[in-house]
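Remarks on the overall topology
These are the residues of each chain, in order.
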Amino acid sequence: MNYNTRGFPPGYFFNTKMMVLSKQKRIRWIVIGLLSVIFVVITICVIIVSQRKLPTDDLRLAREALSGAKEAEANIYSEKMFKEASQNYDSAMVNWARENRRFILFRDYGRAINFAGRAKKRADEAAEESIKKSSTLNKDIESSFVSLAKKIELYNKLFKNLPISRSVFDAHNKSKMFLSESKIAHDNGKLNEADILYKKAEIYTNHANSAASKMLRDYFNDYPNWSRLANDAIAASRGGNKVILVDKVAHILYVYQSGKAIRSFQAEFGSNWMAHKERNGDRATPEGNYHICNEKNRGNSAYHKALLLDYPNADDRRLFAQNKRNGLISRGAGIGNLIEIHGNGGKGFDWTSGCVGLRDNDIDDLCRLVGPGTRVTIVGSLQPLSVITSGTDF
Amino acid sequence: MKSKLIIAIAAMGIAVLFSSCAKVPQTEIDAATAAIQSTKDAGADLYVPEAYQAMVDSMKSANEKVEVAKAKWFPNYTKAKDLLAKVNTMATDAKAKTEARKVELKNEVTTMIGEVKALVAENTALIAKAPRGKEGKEALEAIKSDNAVAETTVTEVEALLANGDLLGSDSKIKAAKEKATSIKAELDEAIAKKGAAKAPAAKAAKAPAAKAPVAKKAKK
């Protein structure tokens, strides 16, 4: 074997170099291969990730739908649906966050997208339902206002001037207050609040109206008797005599002659006028047939002028005795007296102790027309209840 | 070759470093959430609902942006951070607006309470002047009751105001004002009517034949 000067066999260096070179080549190829694999894997990952649909748009749409629903006050008028929509949105966000915590390649936003889609759908439905419901509620409240205003008007028309108990007109006043509050809430767009206040107003109105209407109906049970008394009085005027006919409900005093009303005057009565006088101090104006028994001119009457009536008549005495026997009137009570037609009236409300109050110039006129001995018939009403209420259902 | 390999490894390292450096802006999220809560506590959802809703929507949008960033290879929270800062500004603004609205409403209600009290007092004085007749009080009971309802409402409003229910007190006092005003109109009308009825009586009183008034007999 030939050895070179350094003692290595021939070709040793070449072979060694060749070996080193082939090793480097292998490493290079391995690196290239690895990098290629990494590149391919990364490319695949990037493709996978970039191809994956994020729930961004779905959640944006859901959020906008929720915002729209809130604007439509779905949280008030479509509470359940709005709550569902909100829950779905929250679930979508929770799912999205959970998926984001996982390794990027294993993330799946499908559920988040589903929740977001459901949130949008529910929010849209809630908005739609809210608009419908609030519109219906608005219409209902507006029509309720009209119907309640009619009831209050009915009260003012039929019952306001009736001698009603304090609790009844308190209820009426409260109902008006609640109605005002309800209208303010309605004007501010707070329909639910308006509805609640309206319902309170309605309760008070119904209470006031039903109590007052019962009182009115009960009072008109005497209508057949009033009708008979009035017809008798008008018949009595046919011979040319003047007869006074007083209609308490209408607050009018008529002077009849020859079967016709020749004069009429506005009249005011006792504060408890909607009852027949039964005893002294009851502030009721008597009902029945009376006569003028004395005329008091200026200076003799505290009320400008007065025509004294012969109250109590025989019927009044009989009723008084009967009521006393039945214990309806206290033993010490008296039947009352000094019922007059007098002046100082025109006050616009019922203020006397049971007398018939006229304006001073009206009592002057009346005194010129009638005098002692003139028949005075006082009735609750000349018209039946149906006419008084103009057929109004109350 | 070696150097190329080192560069590649370094690049990957930097990439990994970058991706791990962009942290979720939790401090900003917490601050914005606290700001919204504090605005709500101040009553912004009641007194400035539009501003409050806009702020809540922005917060939701910021949360979405955080998740969008998280979903990326290299998260970037700049947009989310900007929006969260905006939410904070909106919260400050909404809170200021709430306080301003509260002050405005409180002044409005307080002024109206004064007005209604004055009206109620005026009505009470008018009731005293109103036509009474010989028996006095009974006929004015209805009006008195109406006035009492207005007066009671004022007391209720004051209690609501003391409890901080400005919105409730506002609508109630408005209704009370409406009522007190209508009562005053009713009383003014009745007094005017009384004046008109008294005028001819006054003329008659001037007549020379007039005698001293006769004492009223109470028994009826």
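The coordinates are above.
Treat the numbers as computed from the prediction; the structure is a model and nothing was measured.

**Here's the deal with the overall build of chain B**
What chain B contains, in helices and strands, is seven helices and zero strands. Taken from N to C terminus, the helices and strands of chain B fall in the order α-α-α-α-α-α-α. Counting across all 220 residues of chain B, residues that qualify as buried make up 35%. In chain B, 76% of the contacts between residues at least 6 apart in sequence involve partners at least 24 apart.

**Thoughts on the overall build of chain A**
Each helix and strand counted, chain A has 11 helices and eight strands in total. Residues counted as buried form 46% of the 394 residues belonging to chain A. Counting contacts in chain A only where the partners sit at least 6 residues apart, residues at least 24 apart contribute 65% of the total.

**Comments concerning the side chain of Thr352(A)**
Residues and elements named next belong to chain A. Looking at the secondary structure, you find Thr352 in the loop between β6 (340-342) and β7 (356-357). What makes Thr352 buried here is its relative accessible area of 0%. In this structure the side chain of Thr352 is engaged in a polar contact, spanning 2.8 Å, whose partner is the backbone oxygen of Cys355.

**Remarks on the environment of Glu99(B)**
Within the secondary structure, Glu99(B) sits in helix α5 (residues 78-129). Sequence separation of Glu99(B) and Val48(B) is 51 residues, and the distance between their C-alpha atoms is 9.6 Å.

**What about a nonpolar patch on the surface?**
Where nonpolar side chains cluster on the molecular surface, the patch consists of Ile30(A), Leu34(A), Leu35(A), Ile38(A), Ile42(A), Val46(A), Trp73(B) and Phe74(B) and spans about 730 Å² of accessible area. Structurally, Val46(A) is set in helix α1 (residues 12-51).

**Regarding the packing of aromatic side chains**
Any two aromatic rings considered together are summarised by their centre-to-centre distance and by the angle between their planes. All names here are of chain A. Within the structure shown, the criterion is met by 12 aromatic pairs over all chains. Arranged with centres 6.5 Å apart and planes meeting at 25°, the rings of Phe220 and Tyr223 form a pair that is stacked. Like Tyr223, Phe220 is buried. An angle of 75° between the planes, with centres 5.3 Å apart, marks the rings of Phe220 and Trp226 as edge-to-face. Overall, the relative accessible area of 1% leaves Trp226 in the buried class. Three or more aromatic residues joined by ring pairs form one cluster here, namely Tyr219, Phe220, Tyr223, Trp226 and Trp273. Above the ring of Phe145, the side-chain terminus of Lys183 is found at 5.9 Å from the ring centroid.

**With respect to the environment of Ile234(A)**
Residues and elements named next belong to chain A. Turning to its location among the elements, Ile234 is positioned in helix α8 (residues 223-236). Take Ile234: its relative accessible area is 15%, and that puts it in the buried class. The spatial distance from the C-alpha of Ile234 to the C-alpha of Val255 is 9.7 Å, given a sequence separation of 21 residues. Ignoring any residue separated from it by four or fewer positions in sequence, one finds Ile234 in contact with Leu245, Tyr256 and Gly259.

**Looking at the sheet that holds β6(A)**
All names here are of chain A. Taken in spatial order, the eight strands line up as β3-β2-β1-β8-β4-β5-β6-β7 in an open sheet, and their pairing is mixed. If you trace the sheet from one side to the other, it starts and ends with β3 (260-266) and β7, each paired once. Relative to β6, strand β5 (residues 306-309) is paired through three bridges, and the arrangement is antiparallel. Following the sheet pairing, Ala306 is matched in β6 by His342. Helix α10 (residues 360-369) rests against β1 (242-247), β2 (252-257), β3, β4 (288-296), β5 and β6 of the sheet, and its axis sits at about 150° to β3.

**Some remarks on the pairing of β5(A)**
Residue and element names in this part refer to chain A. The alternating pattern of β5 places Ala306 and Leu308 and Leu307 and Leu309 on opposite faces, both of which are buried. As paired elements, β4 and β5 share four bridges and run antiparallel to each other. In the strand pairing of β5, Asn294 is matched with Leu308.

**Here's the deal with the layout of surface pockets**
Considered as a void within the structure, the largest pocket measures approximately 1600 Å³ in volume. Along the wall of the largest pocket there are 43 residues; nearest its centre are Lys70(A), Asn75(A), Asp45(B), Pro49(B) and Gln53(B). A total of nine residues in the lining of the largest pocket trace back to one element, the largest contributor, which is helix α4 (residues 49-70) of chain B. Taken together, the residues of the lining of the largest pocket break down into 18 nonpolar, nine polar and 16 charged.

What counts, and where the lines are drawn
Throughout this description, residue numbers start from 1 for each chain and increase along the sequence as written. Think of it this way: whatever chain is written first is A, whatever ligand is written first is 1, and the rest follow in order. Two thresholds apply to this predicted model, a pLDDT of at least 70 for residue-level local features and 80 or more for giving and counting side-chain atom pairs, whereas whole-chain, interface and lining totals are computed over all residues. Side-chain metrics rest on all non-hydrogen atoms present in the structure, leaving aside hydrogens and water. Numbering goes from the N terminus for both helices and strands, where a helix is a DSSP run of H or I of at least four residues and a strand is a run of E of at least two. Buried, partly exposed and exposed residues are distinguished by accessible area as a fraction of the type maximum, computed with a 1.4 Å probe on protein chains only: under 20%, between the cut-offs, and over 50%, respectively. Should any heavy atoms of two residues lie within 4.5 Å, those residues are considered in contact. What qualifies as a polar contact is a pair of N or O atoms within 3.5 Å, subject to a donor-acceptor requirement within protein and to the restriction that residues adjacent in sequence count only when both atoms come from side chains. Here the term patch refers to residues with relative accessible area over 30% and no salt bridge, with like charges joined within 9 Å and nonpolar side chains (Val, Leu, Ile, Met, Phe, Trp, Tyr) within 5 Å. Areas reported here follow the Shrake-Rupley algorithm with a probe of radius 1.4 Å; residue values treat only the protein chains shown as occluding. For this document, the term salt bridge refers to a Lys or Arg side-chain nitrogen within 4 Å of an Asp or Glu carboxyl oxygen. By convention, a stacked pair of Phe, Tyr or Trp rings (six-membered ring in the case of Trp) has centres within 6.5 Å and planes under 30 degrees apart, an edge-to-face pair has planes over 60 apart, and any other such pair is tilted. Geometrically, a lysine NZ or arginine CZ counts as sitting over a ring once it is within 6 Å of the ring centre and also within 35 degrees of the ring normal. Any two strands with at least two DSSP bridges between them are considered paired. Axes, fitted as lines to C-alpha atoms, cover a helix only where it is in contact. Angles between the N-to-C directions of the axes lie from 0 to 180 degrees. A pocket, in this scheme, is an open set of points on a 1 Å grid over the protein atoms alone with protein on both sides within 12 Å along at least 5 of 7 lines, while a cavity is a set where a 1.4 Å probe fits but cannot get out; residues line either one if an atom lies within 4 Å of a point. Grid points are joined across faces, edges and corners, and a volume is the space filled by probe spheres set on the points. Throughout, the ten residues Ala, Val, Leu, Ile, Met, Phe, Trp, Tyr, Cys and Pro are labelled nonpolar, Asp, Glu, Lys and Arg are labelled charged, and all others, Gly among them, are labelled polar.

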